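What follows is the residue order along each chain.
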Amino acid sequence: METINSQKIFRAGEVIMRQGDIGECAYVIDDGQVEILIEKTNGLVQRVGTRGPGTIIGEMSLVDDEPRTATVKAVQDCKLIEISRGDFNRRLKSADPVIQMISQIILTRYRDMLTRAAIFKDPGTFPTPEDLERGFVEQTNAIETIKMANEFKTAMEKGELSLNYQPIIDLSTGRIEGFEALMRWIHPEKGFISPGVFIPVAEDSGLIIEASRWALRESCKALKRIESHSGKDGKMFMSVNFSSSDFAEESFLDHLYTILSETDVPATQVHLEITERLLMTQPDNAKDTLSLCRKAGLGISIDDFGTGYSSLSYLHYYPIDTLKVDQSFVRNMKKDKTAKELVKSIIALGHNMNMHTIAEGVEDAEEAAMLREMGCASAQGYYFAKPMPESDIGKLVMNWVAPAF
Ligand code: C2E
Ligand code: CA
Ligand code: CA
């Protein structure tokens with residue numbers, strides 16, 4: 001290690017800090033790449049992550065003088081900026097009191113996070129390397145999640161989000177009766193990012209609220225355009241996915257009504273898709289909001305029905321009008337008798353409760369025919385059409401001939 005202009009230079013392969021040593025400082029990586037290694041109780045060394053420019057290493061020593069929890073080694077030649085505990089404390093003392101307090105809390109919680117596994121196991125014990133490894137993985141995930149949330153925010157601002165629309169088919173006539181709007185994010189460098197990955201990040205960061213409003217507005221506008229191109233005015237619906245946090249937001253209804261009136265789409269042509277989980281986590285909030293939505297004429301669909309909670313009593317409690325049979329049951333229906341019976345039961349339940357049923361994930365003619373025979377009203381899936389951009393939906397609707405089933 002050498003010091004140039006107050007920067008510490010570590011050559012590739014050099015150890016920057018060693019597990020077990022008492023740490024006196026942290027480093028900000030200005031240039032280069034390091035790896036974080038943890039020696040386990042069995043003597044094996046596990047690589048738990050890497051860090052690059054703009055990240056910090058050894059920061060826990062700024063909070064206390066416990067031994068280093070990992071070894072950090074330069075993978076490339078590295079330029080590091082040292083932050084000593086003394087320096088850090090001095091800076092902290094001269095900071096705004098609110099910043100001081102928040103920094104202390106964050107730092108303490110941060111150590112807690114890394115030692116959580118050990119604390120749960122036996123309060124007061126110091127974490128084993130295995131606990132720390134778990135902690136580091138959590139920390140890496142947390143960093144990735146924060147990064148992705150920031151990127152998602154930028155994506156919204158830069159217009160990197162788009163919507164695909166998947167037709168929903170009336171199984172008795174083969175006609176397209178509506179669409180489900182599905183969000184897409186094409187990242188400029190990473191390319192396609194699955195909604196299964198970015199939706200939870202958007203939910204946790206609260207960004208989903210803005211994203212849902214955007215999706216509702218865009219899909220309503222798209223419905224209008226699809227209708228006017230195809231001459232099928234007022235005959236098709238748009239189903240939009242919502243998350244729990246959308247319902248927790250006080251202004252949810254105001255925004256909803258505003259968007260409907262601005263886009264001139266009748267409430268009866270919009271369906272809100274929500275999951276069972278949402279109803280379980282937001283019981284009171286959801287009930288009032290959903291009742292007002294139903295009164296206004298909106299459709300309420302339960303998405304992924306059958307995968308959430310076993311209690312069916314909530315079906316009476318909420319103003320639901322559609323059950324969407326989860327695709328996992330549909331997928332297994334042909335080979336698995338239980339799955340088939342489950343689908344049958346959900347459809348029967350729908351009939352008994354005067355609800356519409358839509359089967360998801362229909363991938364071939366046999367599944368479509370089975371569902372029709374079971375009395376399922378509608379279906380969506382790759383067999384009929386994949387989710388596609390609005391530009392393709394226009395043509396599809398104009399030339400629609402349902403595949404045979
Ligand atoms: P979901 O609401 O259950 O949406 C249906 C998913 O099944 C979509 O995945 C769709 O592309 C896929 N799918 C449709 N037909 C078939 C088929 O025949 N076979 C198979 N294997 N899959 C089929 P996608 O677009 O990846 O979305 C995944 C999930 O992300 C959605 O599941 C939904 O929970 C969430 N999501 C997507 N867009 C939004 C949104 O705008 N808001 C919210 N809150 N969630 C969204
Ligand atoms: Ca859905
Ligand atoms: Ca679903």
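Quick summary incoming for the structure in this document. (Residues numbered from 1 in each chain as written. Chains lettered and ligands numbered in written order. Predicted model: local features only at pLDDT ≥ 70, side-chain atom pairs only at ≥ 80, totals over all residues. Heavy atoms only, no water.)

### Focus on the sheet that holds strand β7 (residues 56-57)
So, point 1. In spatial order, the strands read β1-β2-β9-β4-β7; together these five strands make up an open sheet with antiparallel pairing. The open sheet has two free edges, formed respectively by β1 (2-4) and β7, since each of these has just one partner strand.
So, point 2. As paired elements, β1 and strand β2 (residues 7-10) share three bridges and run antiparallel to each other. Along β2, the bridge assignment pairs threonine 3 with lysine 8.
So, point 3. Set on the sheet, helix α1 (residues 85-93) makes contact with β4 (25-31) and β9 (78-84); between it and β9 the angle comes to about 60°. (Pairing = 2+ DSSP bridges. Helix = DSSP H or I, 4+ residues; strand = E, 2+ residues; numbered from the N terminus. Contact = heavy atoms within 4.5 Å. Axes fitted to C-alpha atoms, helices over the stretch in contact; angles between N-to-C directions.)

### Some remarks on unusual backbone geometry
So, point 1. In this model, aspartate 264 sits at a positive phi of 65°, which is unusual for a non-glycine residue.
So, point 2. Taking the relative accessible area as the measure of exposure, aspartate 264 reaches 53% and is therefore exposed.
So, point 3. Although it is not a glycine, aspartate 304 adopts a positive phi angle of roughly 50°. (Buried < 20%, exposed > 50% of the residue type's maximum accessible area, 1.4 Å probe, protein only.)

### Structural notes on the site of ligand 1
So, point 1. Around ligand 1, the structure places 19 residues, and the nearest of them are Arg184, Asp303, Gln327, Glu363 and Tyr382.
So, point 2. The contact in question runs from an oxygen atom of ligand 1 to an N or O atom on the side chain of glutamate 180, over 3.1 Å.
So, point 3. Between ligand 1 and glutamine 327, the relevant distance is 2.7 Å, taken from an oxygen atom to a side-chain nitrogen or oxygen of the residue.
So, point 4. Relative to its unbound accessible area of 800 Å², ligand 1 is 82% covered by the protein chains.
So, point 5. For the shell around ligand 1, the elements supplying multiple residues, two or more each, are β11 (176-187), α4 (195-205) and β15 (299-305).
So, point 6. Ranked by residues supplied to the shell around ligand 1, first place goes to β11 with four residues. (Near = heavy atom within 4 Å. Polar contact = N/O pair within 3.5 Å; in protein donor to acceptor, adjacent residues only side chain to side chain. Areas by Shrake-Rupley, 256 points an atom, 1.4 Å probe, with all protein chains shown as cover.)

### Thoughts on the coordination of the calcium ion (ligand 2)
So, point 1. Coordination of the calcium ion (ligand 2) by the protein comes from Glu180 (OE), Asn241 (OD1), Glu273 (OE) and Asp303 (OD), over a distance range of 2.1 to 2.3 Å.
So, point 2. In this model, the calcium ion (ligand 2) sits 4.1 Å from the calcium ion (ligand 3), the two metals being bridged by aspartate 303. Here glutamate 273 lies in strand β14 (residues 270-275) and asparagine 241 lies in strand β13 (residues 237-241), a separation of 32 residues in the sequence.
So, point 3. With relative accessibility at 1%, the residue glutamate 273 sits in the buried group. (Donors = N, O, S within 2.8 Å, 3.2 Å for Na, K, Ca; no water.)

### A closer look at the coordination of the calcium ion (ligand 3)
So, point 1. Only Asp303 (OD), Asp304 (OD), Glu360 (OE) and Glu360 (OE) from the protein coordinate the calcium ion (ligand 3), and they sit 2.2 to 2.6 Å from it.
So, point 2. Among the residues examined, aspartate 303 registers a relative accessible area of 8% and is labelled buried.

### Structural notes on the pattern of salt bridges
Side chains bearing opposite charge may pair, as long as their charged atoms lie close to each other.
So, point 1. Applying the stated rule across the entire model yields 22 salt bridges.
So, point 2. Note that lysine 221 and glutamate 218 form a salt bridge whose closest N and O atoms lie 3.4 Å from each other. Of this pair, lysine 221 and glutamate 218 both sit in helix α5 (residues 208-230), three residues apart, which is roughly one turn of the helix.
So, point 3. Among the ionic pairs, lysine 224 bridges to aspartate 264, the shortest N-O distance being 3.8 Å. Residue lysine 224 is found in helix α5, and its partner aspartate 264 is found in the loop between α7 (252-263) and β14; the two are separated by 40 residues along the sequence. (Salt bridge = Lys/Arg side-chain N within 4 Å of Asp/Glu carboxyl O.)

### As for the nonpolar core
So, point 1. Counting 80 residues, the largest nonpolar core has Phe152, Phe179, Leu272, Ile274, Leu279, Ile320 and Leu371 as the members making the most contacts within it.
So, point 2. The biggest single contributor to this core is α5, with nine residues.
So, point 3. Once residues within four sequence positions are removed from consideration, leucine 279 is found in contact with Ile274, Ala286, Leu290, Ile302, Tyr314, Tyr318 and Ile320.
So, point 4. Core analysis: the second largest hydrophobic core is formed by 16 residues, Phe10, Cys25, Ala70 and Cys78 among them. (Core = buried A, V, L, I, M, F, W, Y, C linked by side-chain atoms within 4.5 Å.)

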